[in-house]
Amino acid sequence: MTDTALPTRRLGALEVSAQGLGCMGMSEFYGTTDDAESVATIHRALDLGVTLLDTADMYGRGANEELVGRAIADRRDRVVLATKFGIVRSDDPRGRSVRGDAEYVRQACDASLRRLGVDHIDLYYAHRIDPTVPIEETVGAMAELVAAGKVRHLGLSEAAPETIRRAHAVHPIAAVQSEWSLWSRDIEDGVVSTCRELGVGLVPYSPLGRGFLTGRITSTADLGEDDFRQRNYPRFRDGNFERNLAIVDALRALAAERGVTPGQLALAWVQHRGADVVPIPGTKRRKYLEENVAAATLELSPEELERVEAAVPLDAVAGDRYDENGMKFVRR
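As annotated in an unreviewed UniProt entry, the protein carries the name Oxidoreductase and is attributed to Streptoalloteichus tenebrarius.

What follows is the structure in structure tokens.
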């Protein structure tokens, strides 16, 4: 039984909870991991009415899919399972390349099914767009997976408007996943309007600014040596970090007025972007999961939304959302 019934939203033809759970940090990137707590967090999410779980084959080099698979093994029918392919890692921890050729699409899907321990994936994303392969080839191969019963719905991540149009012409795209938060709003320049024209849902990842907008990170010392953020995300580096703290201070003041946390206010702002928007905040702890889920039904008035946006002016955000190499693979 669930503790509560979260409202649902639609990603194309796919019905999901109004908020999903991003599982990436359970296996890598954000400091120490705890598989037992992560599994408990996934189980708690399902009890709270969250149905959409998001992972990818590159998170933990496959370990995250295995973790999610173990967590849902006895409750598969309660889960809308999303995973991704396309980012290929090298021996260098920061090394990345992208593949979208048909052969790789088929190989990646079969490997994900094995790690997840399931017979189908509900929502399968191209994690990044391969600039050397026509999107028609990539999505054509993904469509073959649908025909084979291995995949139910298709998605793209960090795709440009024209890429979305070309992909949707090959096979219906249920969702486009992109970073979207108070301090990452470039998706609003063309991607959102294109998706709405085509009936494609929007799945914001990092809606809490990789944890920064929660207000819990007050110093670079709060990030451990094994935390990916300080090394790879310019907004967390010295200089930028201090400037961005001022944004969070303004958000904290507004949140105190409303009697919520800064993270809840920031997440509620994303939830209010539209009925076709399903953010996937990530956490590996039940405590923060419950805080995030509460934001899914936090109502903000038009005046409150305006005040929140005014507190986080885009020209005040210091640093790009990825380093130079990472930015090469967004909006492709």
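On we go from here.
Draft legend 1. Broad picture of the overall build of the protein. Within the protein, the regular secondary structure consists of 12 helices and 11 strands. Scaling as 2.2 N^0.38, a compact globule of 332 residues should have a C-alpha radius of gyration of about 20 Å, and the protein matches this with 19 Å. Overall, the C-alpha framework of the protein stretches about 55 × 45 × 40 Å when taken along its three principal axes. For the protein, with 332 residues in total, the buried portion stands at 61%. If you take every contact in the protein between residues at least 6 apart in sequence, the share linking residues at least 24 apart comes to 77%. When the accessible surface of the protein is summed, it comes to about 13,200 Å², and 49% of that surface belongs to carbon and sulfur atoms. One way to put it: in the protein the 42 positive side-chain charges average out to a point 1 Å from where the 51 negative ones average out.

Draft legend 2. Main features of the nonpolar core. Core analysis: the biggest nonpolar cluster contains 99 residues, and Leu11, Leu21, Ile42 and Leu156 have the highest contact counts within it. If sequence neighbours within four positions are ignored, Ile42 has contacts with Leu21, Cys23, Met26, Leu53, Val68, Ala71 and Ile72. Core analysis: the next-biggest nonpolar cluster, separate from the first, contains 6 residues, Phe29, Ala56, Tyr59 and Ile87 among them.

Draft legend 3. Structural context of the layout of surface pockets. Here the second largest pocket defines a volume of roughly 150 Å³. What lines the second largest pocket is simply Trp183, Ser184, Arg185, Asp186, Arg235, Leu314, Val317, Asp320, Arg321 and Met327. Taken together, the residues of the lining of the second largest pocket sort by class into 4 nonpolar, 1 polar and 5 charged.

Draft legend 4. Molecular detail of the pairing of strand S1 (residues 8-11). The alternating pattern of S1 places Arg9 and Leu11 on a buried face and Thr8 and Arg10 on a face that is not buried. Pairing of S1 with strand S2 (residues 14-17) involves 4 bridges; the strand directions are antiparallel. Bridging across to S2, Thr8 finds its partner in Ser17.

Draft legend 5. Structural view of the sheet that holds strand S5 (residues 80-85). The sheet built from 7 strands is open, its strands ordered S3-S4-S5-S8-S9-S10-S11 with parallel pairing. Two strands close off the open sheet at either side, each with one partner strand: strand S3 (21-22) and strand S11 (201-205). Bridge analysis of strand S8 (residues 121-126) against strand S9 (residues 151-157) gives 5 bridges, and the strand direction is parallel. Across the sheet, the residue bridging to Tyr124 is Leu154, located in S9.

Draft legend 6. View of helix H3 (residues 102-116). With 15 residues, H3 extends 21 Å between its outermost C-alpha atoms, agreeing within 8% with the 21 Å of an ideal straight helix rising 1.5 Å per residue. Buried residues of H3: Ala102, Tyr104, Val105, Ala108, Cys109, Ala111, Ser112, Leu113 and Leu116, and no others. As for H3, its buried residues are in contact with helix H2 (63-72), S5, strand S6 (87-89), S8, helix H4 (135-147) and S9. Within two residues after H3, Gly117 carries a phi angle of roughly 70 degrees, on the positive side.

Draft legend 7. How the structure looks around the packing of aromatic side chains. All told, the structure shown has 5 aromatic pairs when counted by the stated rule. Summarising the aromatic geometry, the rings of Trp183 and Phe212 are spaced 5.1 Å apart at their centres and angled 40 degrees between planes, so their arrangement reads as tilted. Of this pair, Trp183 sits in the loop between strand S10 (173-179) and helix H6 (191-198) while Phe212 sits in the loop between S11 and helix H7 (228-232); the two residues are 29 residues apart in sequence, bridging distant segments of the chain. For the pair Trp183 and Phe212, a shared accessibility class is recorded, and that class is buried.

Draft legend 8. Region of interest: the packing of H4 against helix H5 (residues 161-170). Where H4 meets H5, the closest approach of the two axes is 9 Å, and the angle between their N-to-C directions is 40 degrees. Accordingly, the angle class assigned to the pair H4 and H5 is oblique. As H4 runs across H5, the sense of the crossing is right-handed. Between H4, through Ile135, Glu136, Val139 and Gly140, and H5, the contact on the second element is made entirely by Thr163, Arg166, Ala167 and Val170.

Draft legend 9. Highlighting the side chain of Asp54. Structurally, Asp54 is set in strand S4 (residues 52-54). A relative accessible area of 4% means that Asp54 is categorised as buried. Here Lys84 takes part through its side chain, which lies 2.6 Å from a polar atom of the side chain of Asp54. Apart from residues lying up to four places away in sequence, Asp54 is in contact with Leu21, Gly22, Cys23, Met24, Tyr59, Ala82, Lys84, Tyr125, Gln177 and Ile280.

Draft legend 10. Up close: the environment of Trp180. Checked against the element boundaries, Trp180 lands in the loop between S10 and H6. As for Trp180 and Pro204, which are separated by 24 residues in sequence, their C-alpha atoms are 5.0 Å apart. Of the polar contacts made by the side chain of Trp180, one reaches the side chain of Glu188; its length is 2.9 Å.

Reading the values: the criteria
- Residues numbered from 1 in each chain as written.
- Predicted model: local features only at pLDDT ≥ 70, side-chain atom pairs only at ≥ 80, totals over all residues.
- Heavy atoms only, no water.
- Helix = DSSP H or I, 4+ residues; strand = E, 2+ residues; numbered from the N terminus.
- Rg over C-alpha atoms; globule rule 2.2 N^0.38 Å.
- Buried < 20%, exposed > 50% of the residue type's maximum accessible area, 1.4 Å probe, protein only.
- Contact = heavy atoms within 4.5 Å.
- Areas by Shrake-Rupley, 256 points an atom, 1.4 Å probe, with all protein chains shown as cover.
- Lys, Arg positive; Asp, Glu negative; His and termini not counted.
- Charge placed at Lys NZ, Arg CZ, Asp CG, Glu CD.
- Core = buried A, V, L, I, M, F, W, Y, C linked by side-chain atoms within 4.5 Å.
- 1 Å grid on protein atoms, 1.4 Å probe; cavity = no way out; pocket = protein on both sides within 12 Å on 5 of 7 lines; lining within 4 Å.
- Points joined across faces, edges and corners; volume = space filled by probe spheres on them.
- Nonpolar A, V, L, I, M, F, W, Y, C, P; charged D, E, K, R; others polar.
- Pairing = 2+ DSSP bridges.
- Expected span 1.5 Å × (residues − 1).
- Phe/Tyr/Trp six-rings, centres within 6.5 Å; stacked < 30°, edge-to-face > 60°.
- Axes fitted to C-alpha atoms, helices over the stretch in contact; angles between N-to-C directions.
- Parallel < 35°, antiparallel > 145°, perpendicular 65-115°, else oblique.
- Left-handed = near helix turned anticlockwise from the far one by under 90°.
- Polar contact = N/O pair within 3.5 Å; in protein donor to acceptor, adjacent residues only side chain to side chain.

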